[in-house]
Amino acid sequence: MAAVRPQWTAVKSARDALGLDGRTLLHAGPPLADPTRAPIPMLNAAVLSCLHEGWARTPEEAERLLASGAVRLEPSHTRSVATPLAAMVSPKTTVAEIADEAGGSRYYAYLGTGAGPQQRFGTRDPAILERLAFRETFLAPGFTELLDARIDLLSIARAAIREGDELHNRLSSATTLLHALLTTRKGESDAAKAALRTVAEAPLYFLNVWMPACQLILLAGENQPHCSLVTRLCANGEVIGIQISALPGQWFTAPSPLVKGPFMKGSPPDPQFGPATGDSGVIDAFGLGGQGLRHAPSLLNAFSCWMQPDDDARARSMLAGFHPILETAFAVDAMAVAKGNHTLLLSTGMVSPDGRGLLGRGLCIVPNQLFLDSLSIVRDSRHPEA
């Protein structure tokens, strides 16, 4: 796992990169209980994707297509793409290719559209359609021009950790470093300049490319007999789920916990904490995010009401290794979580459950039952006669 070197190598359409065709949308997390009845934030994102693709002319027509199953919703992990919060990947979606050339593996990222209205926040704001078209029209060729050489993501992450990022809820340093690197490239077209502005204006822009980087690293430890390292952690607004090394492809799920934290200025009136949603939990399973809050003093202060004072000891107790480049503990061990009766924290965005948008950033506790259930299956596989 520590030998994986994730690099941003290209941008492509989901149709070309993932073989995504037909009327199919990819969502974050484990499979939905009923893909024709997605949680409201995901439904809003799916409606916008239908309009973006031209499958429907009105939101009402899009809703009918989704409710009938004429447009299918599938988990994004089945196509090796990481999806933030409530966002959807459709065939037109521009995705970033993250590759480990030495290992020959690839994972993809939903390419962010920058500041302003964003599909991942789960609203039905029509201005998002303009941002999606902007991504496919300007950002795709712009980043293609800027990516004349690969971008090493671990070197950016290492420097950002030293500057106070935990690389999930705080990525301002990583994004600034990414922008600085891109400005050294020969990006002279209007599209390349638009891509540079987009990164500069969005403090969390590094997040989407960092998610598949963490996923590539964790998947390198997959399929090891009796190994209890967590290889996936994500949520879909209904359930939160993990997979572990010894049992690739097998989900252990529980109802999505509520994400709690301070509401941001400008959040909708009378906000209610919403359930965890998104593929970005892979960062917390990697050992950053909720397990890396010691690196981010600003977040420790913001989240002090929602966490224990001895959080550093909690986080370190469940991390199995030490990353030689990032110089931090990494890799959550499900056995350490379960046997130590510890709690794994997810540090993520808060999305309004009624589809009114982003509320802020916060924390939630991943249910310990997931880790207990996974270990009971591993234990049975060791002793089948039992």
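Here we summarise the structure given alongside this text. Just so it is clear, the model here is predicted, and its values are computed rather than measured.

What follows is about helix α4 (residues 127-146). In this model, α4 (20 residues) spans 26 Å end to end at C-alpha, consistent with the 28 Å of a helix rising 1.5 Å per residue. Among all positions of α4, only Ile128, Leu132, Arg135, Glu136, Leu139, Ala140, Gly142, Phe143 and Leu146 are buried.

Taken in spatial order, the five strands make up an open sheet running β4-β6-β5-β1-β7, and their pairing is mixed. The open sheet has two edge strands with one neighbour each: β4 (81-82) and β7 (151-152). On the sheet, α4 packs against β1 (7-13), β5 (94-100) and β6 (105-110) and is oriented at approximately 135° with respect to β1. Contacting β1, β4, β5 and β6, helix α8 (residues 206-219) runs over the sheet at an angle of about 150° to β6.

In this section: the pairing of strand β13 (residues 328-332). Put simply, side chains in a regular strand alternate between the two faces of the sheet. Burial analysis of β13 places five of its five residues in the buried class, which makes it a mostly covered element. Two strands pair when backbone bridges link them, and strand β12 (residues 319-323) and β13 are joined in this way by four bridges, in the antiparallel orientation. When the bridges of β13 are listed, phenylalanine 322 appears paired with alanine 329. Here β12 folds back onto β13, and the loop between the two strands holds four residues, one of which, glutamate 327, carries a positive phi near 55°.

Moving on, we get to the packing of α4 against helix α7 (residues 190-201). For the pair α4 and α7, interaxial distance at closest approach is 7 Å and the crossing angle is 100°. Between α4 and α7, the angle is such that the two are roughly perpendicular. Only Ala191, Ala192, Ala194, Ala195, Leu196, Thr198 and Val199 of α7 make contact with α4, whose side of the interface consists of Phe134, Phe138, Leu139, Pro141, Gly142, Phe143, Glu145 and Leu146. Here the contact of α4 with α7 is composed, by residue class, of twelve nonpolar, two polar and one charged.

What follows covers the nonpolar core. In terms of nonpolar packing, the biggest core is built from 81 residues, with Trp8, Phe143, Leu167, Phe206, Trp210 and Phe371 touching the most fellow members. For this core, the leading source of residues is α8, giving eleven residues. Those residues in contact with phenylalanine 206, other than ones at most four positions away along the chain, are Leu153, Ile156, Ala157, Leu167, Leu171, Ala174, Thr175 and Leu178.

Throughout the structure, instances matching the rule amount to seven aromatic pairs. Measuring from ring centre to ring centre gives 5.9 Å for phenylalanine 206 and tryptophan 210, while their planes differ by 25°; the resulting arrangement is stacked. In this pair, phenylalanine 206 and tryptophan 210 are both assigned in helix α8, four residues apart and thus about one turn of the helix distant. Residue tryptophan 210 is classed as buried on the basis of its relative accessible area, which comes to 0%. Each ring, one from tryptophan 210 and one from phenylalanine 286, has its centre 6.2 Å from the other, and the planes form 75°; the classification is edge-to-face. Of the two residues, tryptophan 210 sits in helix α8 while phenylalanine 286 sits in helix α9 (residues 281-286), which places them 76 residues apart along the sequence. Assessed through its relative accessible area of 0%, phenylalanine 286 is described here as buried. Cluster of aromatic residues (ring-pair linked, three or more members): Phe206, Trp210, Phe286 and Phe330. Geometry around tyrosine 110 places arginine 135 over its ring, the cationic atom sitting 4.8 Å from the centre.

The next thing to look at is helix α2 (residues 40-53). Turn by turn, an α-helix covers 3.6 residues, leaving residues three or four places apart pointing in a common direction. Under the 1.5 Å per step criterion, the end-to-end length of α2 is 20 Å for 14 residues, consistent within 8% with the ideal 20 Å. By the criterion of burial, α2 is predominantly enclosed, with eleven of the 14 residues buried. Positive backbone phi, at 85°, marks glycine 54, one or two positions downstream of α2.

With that settled, consider the environment of phenylalanine 322. With respect to the helices and strands, the residue phenylalanine 322 is situated in strand β12. According to the relative accessible area criterion, phenylalanine 322 is exposed, its value standing at 55%. Put simply, phenylalanine 322 and glycine 116 are 206 residues apart on the chain and 37 Å apart in space, counted from C-alpha to C-alpha. Contact partners of phenylalanine 322, with chain neighbours within four places excluded, come to Glu327, Thr328, Ala329 and Phe330.

About the cut-offs
Per chain, residue numbering runs from 1 following the sequence as it is written. Predicted model: local features are reported for residues with pLDDT of at least 70 only, side-chain atom pairs are reported and counted for 80 or more only, and whole-chain, interface and lining totals are derived from all residues. Note: side-chain values were computed over all heavy atoms of the structure, leaving out hydrogens and water. By the criteria applied, helices consist of DSSP H or I runs no shorter than four residues and strands consist of E runs no shorter than two, each listed in order from the N terminus. In this analysis, the expected span of each helix is defined as 1.5 Å times one less than the number of residues it contains. Type-normalised accessible area, obtained with a 1.4 Å probe on protein chains alone, sets the label of each residue: buried when under 20%, exposed when over 50%, and partly exposed for intermediate values. Think of it this way: DSSP has to see at least two bridges between two strands before they count as a pair. Two residues form a contact once any of their heavy atoms are found within 4.5 Å. In this description, a line fitted to the C-alpha atoms serves as the axis of each element, helices being fitted only across the stretch in contact, and the angle between N-to-C directions of two axes falls anywhere from 0 to 180 degrees. For this classification, under 35 degrees means roughly parallel, over 145 means roughly antiparallel, 65 to 115 means roughly perpendicular, and everything else is oblique. Classification convention: Asp, Glu, Lys, Arg as charged; Ala, Val, Leu, Ile, Met, Phe, Trp, Tyr, Cys, Pro as nonpolar; all other residues, Gly among them, as polar. Put simply, a nonpolar core is a bunch of buried Ala, Val, Leu, Ile, Met, Phe, Trp, Tyr and Cys residues held in one set by side-chain atoms that sit within 4.5 Å of each other. Aromatic contacts are taken between Phe, Tyr and Trp rings whose centres are within 6.5 Å, Trp giving its six-membered ring; a plane angle under 30 degrees counts as stacked, one over 60 as edge-to-face, and the others as tilted. Geometrically, a lysine NZ or arginine CZ counts as sitting over a ring once it is within 6 Å of the ring centre and also within 35 degrees of the ring normal.

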